[in-house]
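Per-entry structural report
One letter stands for each residue in the lines below.
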Amino acid sequence: MTTTAPPLLNELQLDALTELVNLGVSRAATNLREMVGAQVHLSVPTVELVTRSRAIAILAERESNNLVAVHQVFEGDIGGRALLIFPETKSLELVRAITGGDLPLEDIIELEQEALAETGNVLLNSCLATIANMLHRSLKMSLPEVLRGNAATFFSLEPPPEAGDIVMFLYITFAVRERDISGYIAMIMDMPSLTALTHLLDEFIERTAG
Amino acid sequence: MTYKLLIVDDSKLARMSVAKAMKALYPDWTRVEAANADEALALSGDAAFDVALLDFNMPGRDGLELAGDLRKKHPKMPIAIISANHQDEIVARATAIGATFLPKPLTETALSGFLVTALTQIGSAKR
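Attention in this report is confined to the structure presented alongside it. Being a predicted model, the structure only gives us computed values, none of them experimental.

Rules behind the numbers
- Residues numbered from 1 in each chain as written.
- Chains lettered and ligands numbered in written order.
- Predicted model: local features only at pLDDT ≥ 70, side-chain atom pairs only at ≥ 80, totals over all residues.
- Heavy atoms only, no water.
- Helix = DSSP H or I, 4+ residues; strand = E, 2+ residues; numbered from the N terminus.
- Rg over C-alpha atoms; globule rule 2.2 N^0.38 Å.
- Buried < 20%, exposed > 50% of the residue type's maximum accessible area, 1.4 Å probe, protein only.
- Contact = heavy atoms within 4.5 Å.
- Areas by Shrake-Rupley, 256 points an atom, 1.4 Å probe, with all protein chains shown as cover.
- Buried area = accessible area lost by both parts, 1.4 Å probe.
- Salt bridge = Lys/Arg side-chain N within 4 Å of Asp/Glu carboxyl O.
- Polar contact = N/O pair within 3.5 Å; in protein donor to acceptor, adjacent residues only side chain to side chain.
- Nonpolar A, V, L, I, M, F, W, Y, C, P; charged D, E, K, R; others polar.

1. Let's talk about the overall build of chain A
Broken down by element type, chain A carries six helices and nine strands. A compact globule built from 210 residues should have a C-alpha radius of gyration of about 17 Å, and chain A, at 17 Å, falls within 12% of that. Dimensions along the principal axes, computed over C-alpha positions, put chain A at roughly 55 × 35 × 25 Å. Across the 210 residues in chain A, those meeting the buried criterion constitute 52%. Counting only contacts in chain A whose residues sit at least 6 apart along the sequence, the fraction spanning at least 24 positions is 75%. Carbon together with sulfur atoms contributes 51% to the accessible area of chain A, which is approximately 9300 Å² in total.

2. Remarks on the interface of chain B and chain A
Of the residues lining the interface, 21 residues belong to chain B; the matching set on chain A comes to 27 residues. Regarding the contact of chain B and chain A, the summed buried area is about 2000 Å², with carbon and sulfur atoms giving 54% of it. The largest share of the area that chain B buries against chain A comes from Leu13(B), Asn57(B) and Gln87(B), three residues that together contribute 32% of it. Linking chain B with chain A are two salt bridges. Salt-bridge contacts for Arg33(A) lead to Glu89(B); the nearest nitrogen and oxygen are separated by 2.9 Å. In this assembly, chain B and chain A are joined by 10 residue pairs in polar contact (both at pLDDT 80 or more). Looking at the side of chain B that touches chain A, the elements that each hand over two or more residues are α1 (12–25) and α4 (88–97) of chain B. Ranked by residue count, the leading element in the side of chain B that touches chain A is α1(B), at six residues. Of the residues that constitute the side of chain B that touches chain A, the class distribution is eight nonpolar, six polar and seven charged.

Following this line, the structure appears as structure tokens:
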């Protein structure tokens with residue numbers, strides 16, 4: 001375990017990262033809108049550098065019920081995990097919205113896993129691709145995987161972070177109009193990726209505002 | 001003729017990026033920046049702006065709500081809503097307010113196109 005303090009992002013780096021997440025999620029919302037046929041409302045994203053236990057606490061205090069997550073690993077100059085997280089009770093409603101709403105319940109249940117994976121794939125990919133493009137880097141994305149559990153399960157996936165227990169936690173809530181659907185997008189990076197990210201952010205800031 | 005431009009975005013970087021583009025396009029324009037809708041409204045009370053560039057997704061009231069408020073006070077002011085979130089409903093609301101929707105990240109070309117049209121509007125409004 002390392003005891004050195006994490007290289008915290010400075011104010012402008014954090015601003016740049018929040019803006020990148022905002023761009024990525026806004027594009028993702030546009031795609032989700034096409035899939036569900038109703039307007040998707042987004043919160044302004046919050047970006048925090050927190051310990052894993054704090055990330056778990058933040059999510060757990062907002063959502064006490066069982067959760068579903070679509071999980072994808074990304075690799076490249078920066079690596080980490082991206083998660084689209086819903087309360088389990090909302091996931092069938094999301095599938096219903098995407099499939100058009102006329103299907104009987106048993107079909108919806110059968111389609112649930114696949115529809116969730118596809119939704120997660122579209123949302124997380126458009127979000128990460130936007131960020132990667134803006135940083136002039138490419139990221140390799142794994143296939144989506146649907147997980148069930150709670151905040152502790154999702155933020156303690158194997159293998160654990162290589163260095164330090166500090167993770168970056170980005171969260172945003174989205175809600176689909178006229179449907180009872182809301183969820184979170186979270187990204188987790190470990191210390192080496194965070195260090196790499198600060199350099200990419202500096203380059204991005206220089207290109208954008210320099 | 002110099003004009004006064006209002007730039008509203010909660011991201012300092014985004015405001016810096018617009019400032020950079022403006023330095024290239026219209027360096028003599030006066031730029032006034034606000035980080036949220038309330039700040040923007042307070043500023044617009046003091047002095048009229050010729051053109052406003054508003055980010056959509058901001059804490060507190062969003063850019064469309066701000067555009068609605070500004071529109072009441074300044075019926076003819078050219079307003080742009082800037083966002084990567086180009087959902088039909090958002091673009092439609094911008095159009096209904098009489099604002100132009102510009103995609104984010106904002107390019108110098110897109111900004112230039114909007115400002116050229118805006119200048120024509122301001123010109124004919126003053127005539």
